Amino acid sequence: IWNASEGLVHTEVEPEHSFQSNTIKGTPAEPEIFTALNSCRTDIPLPAGWLWVSFNLQSERNSDLNQFLSTLSPSEGDYIKEVIPFASYTPEKGWSGSLCNSGISLQKRYMVRLKNPDTLVVKGELANPEDYPIDLNYEWNRIGYLPSSNMTISNAFGQHNPEDGDLVKSQEGFAMYDASFHDWIGTLDYMIPGKGYMYYSNNTDPVTFCYPKFGFMKSARIDESVSGPWET
């Protein structure tokens with residue numbers, strides 16, 4: 001089921017139906033009820049060269065890098081790194097390196113370098129951002145983005161008290177917090193699922209924050225079921 005409000009594909013749906021051409025399930029008077037479970041899928045296009053990425057689906061595969069990256073068709077020398085942990089690909093060994101020991105963290109930003117464009121398919125349960133607090137230390141931090149929908153910078157950091165001059169940047173844009181405006185100013189307007197970010201904190205003390213599950217200006221929820229007449 002495609003969850004348009006959250007931009008999610010739910011991969012476990014009950015009940016299951018075999019496709020039959022020109023048939024209809026349900027009517028307006030007696031709709032067919034589908035229950036979408038919390039198992040989701042997201043496709044992340046990866047171009048040739050470097051890309052900053054992050055992930056928001058939790059799965060046992062996250063602890064096994066070769067399984068996590070199994071949907072790719074990598075070339076020798078392809079590379080993924082966090083800050084110090086890294087892994088590189090060879091046809092003989094697959095993915096190997098220190099990142100294979102630590103696995104994938106939803107709170108972190110990663111850098112992927114491929115020789116050829118590809119698409120990474122990630123499956124798992126949608127993570128609740130409030131269960132994954134992010135630590136910000138003085139100066140630069142590499143952070144992931146956990147919500148399932150685009151969110152303005154102000155909303156994304158609504159549970160964080162930024163210092164004047166704090167900076168957040170993506171691979172394409174940046175925004176700086178201006179205390180006199182009580183807002184973020186710059187070319188980066190929205191944070192986007194699948195993207196990786198860097199945050200410069202001017203607070204000399206470590207702080208922790210959580211992303212909200214939804215933007216503060218948006219009243220929304222994920223319905224567990226959808227109904228209607230479905231044409232197959």
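Since this is a predicted model, take the numbers as computed values, not measurements. (Residues numbered from 1 in each chain as written. Predicted model: local features only at pLDDT ≥ 70, side-chain atom pairs only at ≥ 80, totals over all residues. Heavy atoms only, no water.)

**Student:** Any chance you could explain the pattern of salt bridges here in plain terms?
**Tutor:** Oppositely charged side chains can pair when the atoms bearing their charge come close. If you walk through the whole model with that rule in mind, you get two salt bridges. A salt bridge links R41 to D43, with the nearest nitrogen and oxygen atoms 2.9 Å apart. The exposure class of R41 is partly exposed, given its relative accessible area of 33%. One salt bridge connects E172 with K195, and the closest N-O pair in it is separated by 3.8 Å. Taken together, the residues span a long stretch of sequence, with E172 in the loop between strand 17 (167-169) and strand 18 (174-178) and K195 in the loop between strand 20 (190-191) and strand 21 (197-201) at a distance of 23 residues. (Salt bridge = Lys/Arg side-chain N within 4 Å of Asp/Glu carboxyl O. Buried < 20%, exposed > 50% of the residue type's maximum accessible area, 1.4 Å probe, protein only. Helix = DSSP H or I, 4+ residues; strand = E, 2+ residues; numbered from the N terminus.)

**Student:** Explanation requested: the sheet that holds strand 2 (residues 8-10) in the structure shown.
**Tutor:** Strand pairing within a sheet occurs via backbone hydrogen bonds; the two strands may be parallel or antiparallel. With respect to topology, five strands assemble into an open sheet ordered 1-2-6-13-8, the strand pairing being antiparallel. Strands with a single pairing partner mark the edges of an open sheet, and in this sheet they are strand 1 (2-3) and strand 8 (57-58). Judged from the two bridges that link them, strand 2 and strand 6 (residues 39-46) form a sheet pairing that is antiparallel. Opposite V9, over in strand 6, you have R41 as the bridge partner. (Pairing = 2+ DSSP bridges.)

**Student:** Looking at this model, I keep getting lost on the confidence of the model for the protein. Mind explaining?
**Tutor:** Residues shown with low pLDDT carry predicted positions that ought not to be read at fine detail. This prediction gives the protein a mean pLDDT of 90; 92% of its residues lie at or above 70. In this model, residues 216-232 is a region of pLDDT below 50 whose contacts with residues beyond four sequence positions or in other chains number 48 contacts. (pLDDT = per-residue confidence, 0-100. Contact = heavy atoms within 4.5 Å.)

**Student:** Looking at this model, I keep getting lost on the sheet that holds strand 18. Mind explaining?
**Tutor:** Pairing is antiparallel across the open sheet formed by five strands, whose spatial order is 15-21-17-18-19. Each end of this open sheet is capped by a strand with a single partner; those strands are strand 15 (139-143) and strand 19 (183-186). Taking each pair of neighbouring strands and ignoring which way they run, the sheet shows an average axis angle of 25°. One ladder, built from four bridges, connects strand 18 with strand 19; its direction is antiparallel. Its bridge partner lying in strand 19, Y177 is registered against W184. (Axes fitted to C-alpha atoms, helices over the stretch in contact; angles between N-to-C directions.)

**Student:** Would you mind going over unusual backbone geometry with me for this structure?
**Tutor:** Peptide bonds are mostly trans, and most non-glycine residues show a negative phi. In this structure, P15 follows E14 across a cis peptide bond, with omega equal to -5°. Relative to the assigned elements, P15 resides in the loop between strand 3 (13-14) and strand 4 (24-25). In this model, N22 sits at a positive phi of 60°, which is unusual for a non-glycine residue. Along the polypeptide, N22 turns up in the loop between strand 3 and strand 4. Of note in the backbone geometry, E139 takes a positive phi value of approximately 75° without being a glycine. Within the secondary structure layout, E139 lies in strand 15.

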